[in-house]
Amino acid sequence: MARILFVLTGATHWTLADGTAHPTGFWAEEAVVPYRTFTEAGHVVTVATPGGVVPAVDRASLAPEFNGGEEGAAAMADELTKITAFQHPVALADVSLDDYDAVFYPGGHGPMEDLSADTDSGALLNAALASGKPLGIVCHAPAALLATTGPDGAAPSPFAGYRVTAFTNVEETQAGFADKARWLLQDRLVRLGVDFQEGAPWAPHTVSDRNLHTGQNPASAGPLAAEILELLP
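Parameters at a glance
- Residues numbered from 1 in each chain as written.
- Predicted model: local features only at pLDDT ≥ 70, side-chain atom pairs only at ≥ 80, totals over all residues.
- Heavy atoms only, no water.
- Phe/Tyr/Trp six-rings, centres within 6.5 Å; stacked < 30°, edge-to-face > 60°.
- Helix = DSSP H or I, 4+ residues; strand = E, 2+ residues; numbered from the N terminus.
- Buried < 20%, exposed > 50% of the residue type's maximum accessible area, 1.4 Å probe, protein only.
- Lys NZ or Arg CZ within 6 Å of the ring centre and 35° of its normal.
- Expected span 1.5 Å × (residues − 1).
- Arc of directions from axis to C-beta.
- Contact = heavy atoms within 4.5 Å.
- Polar contact = N/O pair within 3.5 Å; in protein donor to acceptor, adjacent residues only side chain to side chain.

- Per an unreviewed UniProt entry, the protein chain goes by Putative intracellular protease/amidase and derives from Actinacidiphila alni.

Take a look at the structure:
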């Protein structure tokens, strides 16, 4: 039985370029499907958020068009309400990596708001990378890598040079947010120094480089979790 730490955004909005607070949170599929994958295999998941706040789901991620229709949307919402771990997170600042065998970051636009600048998350990511333990990050959650350079970018990111994927500029454009965002994730990751690997829009696409495993979009969350499952003790 492995112990897996899920790091979820605590943000309930994403600040756009014009100052608008766009409602958001974590993307349901990216948290629920990996949680199911790990727990059905007998592993234990603990959820952490900045400040220990209860994470908010992006309500858009429960819409029928993102869940294969009305029946799928109802099933996703029902499954989400039954995951009590999401309602009882620990504070990210109190987390000890020694207590866990793997770390997983679900996405949603929320990480663009908080985890991208969260020093506790940045320190955890750096420690996880150095530990050799499986580290999974999907969709917009690679925004958290921007906090791995220390305060005000004082040091190079240890993730520089790693092959990474994440939500692409093309996908952000097709989602209708590219021209509204303060910055685009792909651009910032390239500037961070990672080797960005872009797959086809919306199709499952995962990239593994040493102990770092990343997924491009919501459809990649399940395959990414399955890959990490094979690495757990």
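### Focus: the packing of aromatic side chains
- If you walk through the whole model with that rule in mind, you get ten aromatic pairs.
- A ring pair is formed by Phe26 and Phe86, whose centres lie 5.7 Å apart and whose planes are at 70°; its orientation type is edge-to-face. Here Phe86 lies in the loop between helix 2 (70-81) and strand 5 (90-91) and Phe26 lies in the loop between strand 3 (21-23) and helix 1 (28-40), a separation of 60 residues in the sequence. Note on accessibility: Phe26 and Phe86 belong to one class, buried.
- A centroid spacing of 5.1 Å and a plane angle of 75° characterise the contact between Trp27 and Phe66, whose relative ring orientation is edge-to-face. Taken together, the residues Trp27 in the loop between strand 3 and helix 1 and Phe66 in the loop between strand 4 (44-49) and helix 2 connect sequence positions 39 residues apart.
- With relative accessibility at 41%, the residue Phe66 sits in the partly exposed group.
- By way of ring pairs, the aromatic residues Phe6, Phe26, Tyr35, Phe38, Phe86 and Phe104 are connected into one cluster.
- Over the face of the ring belonging to Trp183 we find Arg188, whose NZ or CZ atom lies 4.8 Å from the ring centre.
- Over the ring of Tyr162 we find Arg210, and its NZ or CZ is 3.7 Å from the ring centre.

### A few points about helix 4 (residues 119-131)
- The first and last C-alpha atoms of helix 4 sit 18 Å apart over 13 residues, in line with the 18 Å expected at 1.5 Å per residue.
- Every buried residue of helix 4 is listed here: Ser121, Gly122, Leu124, Leu125, Ala128 and Leu129. Within helix 4, the buried residues cover an arc of 165° as seen down the axis, which keeps them to one side. Exposed positions of helix 4 whose direction lies more than 90 degrees from the buried face are Thr119 and Ala130.
- Buried-residue contacts for helix 4 involve strand 1 (3-7), strand 6 (102-105), strand 7 (135-138) and strand 11 (212-215).
- For helix 4, the N-terminal capping position is held by Asp118, with its side-chain oxygen 3.0 Å away from the main-chain nitrogen of Asp120.

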